[in-house]
Amino acid sequence: MALFIGYLIMVIGVTFLNRGPGYTSNVDLSLFSSYREAWYLYSTRHWQFIYLNILMFVPFGILVPLLNPRFKQALWMIGAAMLFTLSIESLQLITGYGTFEADDLFNNLLGAVIGYGLTMGFLSLKEKKGVKSSLIYLTPLLVTVILFGSIFAYYHSKEYGNLSIVPANRADMKQAEVTTNVTLDGSRKTVPVYRAPSYTKERADEFAGEFFGRMKIDPAEIEDISYPDEGLYRVHGDSAYQLSFRFLDGSHSLTDFSLLDDGREPEDADEGKVKASLKKYGLEIPSEASFQRIDTGKYEWTVDQEASGNRLTDGELSVTYYNDGTVKEFDNRLVTYEKQKDVRIKSEQEAYQELLKGKFQHFSENRKIGSLQIDEVRISYALDSKGYYQPVYAFQSIVDGTEMTILVPGI
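As the structure is a prediction and not an experimental result, all values here were calculated from the model.

Student: Help me out: how do you make sense of the overall build of the protein in this one?
Tutor: Helix and strand counts for the protein come out as eleven helices and 16 strands. Taking the principal axes of the C-alpha coordinates as reference, the protein spans close to 80 × 60 × 40 Å. For the protein, the proportion of its 411 residues judged to be buried stands at 42%. Put simply, 65% of the contacts in the protein that link residues at least 6 apart link residues at least 24 apart. Of the accessible surface of the protein, which amounts to about 22000 Å², a share of 54% is contributed by carbon and sulfur atoms. The distance from the centre of the 41 positive side-chain charges to the centre of the 53 negative ones in the protein is 10 Å.

Have a look at this one:
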């Protein structure tokens, strides 16, 4: 009972006390949408959310059968677990402390069943009911481990990674009025696949050391608080900085916290002055990059898929120039990719058919499309979860009166 009370306190802390009201408040009854999202994004954080929702209810399944013999019956225990998780999800929705999700119900219930199996399997061995009886109780755990293991084994066995542009839930095209102002090609094309200069954690650490070394900062002053997919390096003291470094493609951003000093404000300058201020960061701007002013003191260099030999440069570098003559913020997403090989991709017609089925990202409350007008289609690129720059079809469209680019995978 003491363990169970401690467990309940932990669950309340995790589900309510670590977030403020208004965090989010909606209903998602699409089963396994979080699994699809984790698969397409393939980020550690999204898989962790799934694991934690399962693990959070394992103690419930372990402890409840020990509190009362009635809950040694599977139906009683499953009913109690369902009531508990429904109560949590409903309270989160009512209070605005979270989202009511069908996946949370499933994952919580799965965790409780796994915990129940562990307890009953142990009790079966203790009561000498045989190994076979214990293994039956452990089946939910074994099946879960096998399924997750198969997912990750399949991912690592396939050549290319997953694309985040693929939606977890399709757009609703049932009532959509679709018009197109272009003639779609039915033939398949051959285009290159590129790869980003992906980094390991060790290489990212070396980059950070060299980066701050140019600024005459002692390596001992650098605090490393990195995450699985991103390096985060901070420097404290009189000169305070934060460098974020993305392992997948080497893109990185910097904040110089002296921008918070009194009298510091963004200020306009010509391209030459801004470039001169960037020299201390060692940033190289391609000659083909176009320069433009975004706002007061805010500038951007962009390169739109410039190919040179076996390389492709794409992306943008955003900077903010301040009235003391320095750049105190930048976000460098200019990446040069190396060609891997040529591949045949689906035709424009095939990509269009996928679009008509709603297989594209559309961020609206009900995901319903009323009207869709396609004005142009071209081949673009998107970075996948393994660092490959895959070809995608970019449909320049007007969706319900709003201009947007719809991306559909080419491979």
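Student: Just checking my understanding: could you explain the packing of aromatic side chains for this structure?
Tutor: Geometrically, a pair of aromatic rings is defined through the distance of the ring centres and the angle of the planes. Counted by the stated rule, this structure contains 36 aromatic pairs. Centre to centre, the rings of F32 and Y35 are 5.7 Å apart; their planes meet at 80°, and the pair counts as edge-to-face. A residue is classified by how much of its surface remains accessible, and F32, at 34% relative accessible area, is partly exposed. The exposure class of Y35 is buried, given its relative accessible area of 15%. Taken together, the ring pairs connect F32, Y35, W39, Y42, W47, Y51, F106, F148, F152, Y154 and Y155 into an aromatic cluster. Here the basic side chain of R70 rests over the ring of W76, its NZ or CZ set 4.7 Å away from the ring centre. It is R195 that lies over the ring of Y388; its NZ or CZ is 4.3 Å from the centre.

Student: Just to check I follow, could you spell out a nonpolar patch on the surface for this structure?
Tutor: A surface patch of nonpolar side chains, amounting to about 480 Å² of accessible area, comprises L125, V131, L135, L142 and I146. Every element with two or more residues in the nonpolar patch is listed here: α7 (131-137) and α8 (139-157). One can find L135 in helix α7. The class of L135 is partly exposed, set by a relative accessible area of 44%.

Student: Could you clarify how one ought to interpret the pattern of salt bridges in this entry?
Tutor: Pairing between side chains becomes possible if they bear opposite charge and their charged atoms approach one another. Applying the stated criterion across every chain, the model contains 16 salt bridges. R246 is paired through a salt bridge with D249; the nearest N and O atoms lie 3.3 Å apart. Salt bridges sharing partners connect three or more residues here, namely D256, R264, D324 and K328.

Student: Sorry if this is basic, but what is going on with the layout of surface pockets here?
Tutor: Regions of empty space are outlined by a rolling probe, equal in size to a water molecule, passed over the atoms. The computed volume of the largest pocket comes to approximately 1500 Å³. Secondary-structure elements contributing two or more residues to the lining of the largest pocket are α1 (2-17), β1 (27-28), α2 (33-41), α3 (44-55), α5 (74-95) and α6 (102-126). Ranked by residue count, the leading element in the lining of the largest pocket is α3, at seven residues. For the lining of the largest pocket, the class distribution of residues is 16 nonpolar, 19 polar and ten charged. Estimates place the volume of the second largest pocket at around 1200 Å³.

Student: What am I meant to see in the side chain of S244 here?
Tutor: Summarising the element assignment, S244 is placed in strand β7 (residues 241-246). On the accessibility criterion, S244 (13% relative accessible area) is buried. The contact partners of S244, leaving out residues within four places of it in the chain, are E230, G231, L232, S251, H252 and S253.

Student: Would you mind showing me how to read α5 here?
Tutor: Helical geometry note: an α-helix holds 3.6 residues per turn, so side chains three or four residues apart project in the same direction. An ideal rise of 1.5 Å per residue puts 32 Å on 22 residues; α5 measures up with 31 Å between its terminal C-alpha atoms. A positive phi of about 80° marks G96, the residue just after α5.

Student: I keep staring at the nonpolar core and nothing clicks. Help me out?
Tutor: The nonpolar side chains of a soluble globular protein tend to be buried with one another. Within the largest apolar cluster, 31 residues are counted, with the highest numbers of intra-cluster contacts made by L355, I369, L372, F395 and I406. When neighbours within four sequence positions are excluded, L355 is seen to be in contact with M173, F360, L372, I374, F395, I406 and V408. Membership of the second largest hydrophobic core comes to 29 residues, among which are I217, A269, V319 and Y321.

Student: Help me understand α8 in this model?
Tutor: Its 19 residues give α8 an end-to-end C-alpha distance of 26 Å, which sits within 8% of 27 Å, the value for a rise of 1.5 Å per residue. Along α8, the positions that sit buried rather than exposed are T144, F148 and Y155. Considered in projection along α8, the buried side chains sweep an arc of 20° and stay on one side of the axis. Away from its buried face, by an angle of more than 90 degrees, α8 presents the exposed residues I146, H156 and S157. Where the residues of α8 are buried, they touch α2, α3 and α6.

Student: Is there a simple way to think about the pairing of strand β11 (residues 311-321) in this case?
Tutor: Consecutive side chains of a regular strand alternate in pointing toward one face of the sheet and then the other. Of all eleven residues in β11, eight are buried; the element is thus mostly enclosed. Of the strand pairs in this sheet, strand β10 (residues 298-308) and β11 are connected by nine bridges, and their pairing is antiparallel. Bridge pairing links V303 to G315 in β11. Hairpin connection of β10 to β11: two residues between the antiparallel strands, including G309 at a positive phi of 65°. Of the strand pairs in this sheet, β11 and strand β13 (residues 335-344) are connected by four bridges, and their pairing is antiparallel.

Reading the values: rules and limits
Residues numbered from 1 in each chain as written. Predicted model: local features only at pLDDT ≥ 70, side-chain atom pairs only at ≥ 80, totals over all residues. Heavy atoms only, no water. Helix = DSSP H or I, 4+ residues; strand = E, 2+ residues; numbered from the N terminus. Buried < 20%, exposed > 50% of the residue type's maximum accessible area, 1.4 Å probe, protein only. Contact = heavy atoms within 4.5 Å. Areas by Shrake-Rupley, 256 points an atom, 1.4 Å probe, with all protein chains shown as cover. Lys, Arg positive; Asp, Glu negative; His and termini not counted. Charge placed at Lys NZ, Arg CZ, Asp CG, Glu CD. Phe/Tyr/Trp six-rings, centres within 6.5 Å; stacked < 30°, edge-to-face > 60°. Lys NZ or Arg CZ within 6 Å of the ring centre and 35° of its normal. Patch = residues over 30% accessible without salt bridge, like charges linked within 9 Å, V, L, I, M, F, W, Y side chains within 5 Å. Salt bridge = Lys/Arg side-chain N within 4 Å of Asp/Glu carboxyl O. 1 Å grid on protein atoms, 1.4 Å probe; cavity = no way out; pocket = protein on both sides within 12 Å on 5 of 7 lines; lining within 4 Å. Points joined across faces, edges and corners; volume = space filled by probe spheres on them. Nonpolar A, V, L, I, M, F, W, Y, C, P; charged D, E, K, R; others polar. Expected span 1.5 Å × (residues − 1). Core = buried A, V, L, I, M, F, W, Y, C linked by side-chain atoms within 4.5 Å. Arc of directions from axis to C-beta. Pairing = 2+ DSSP bridges.

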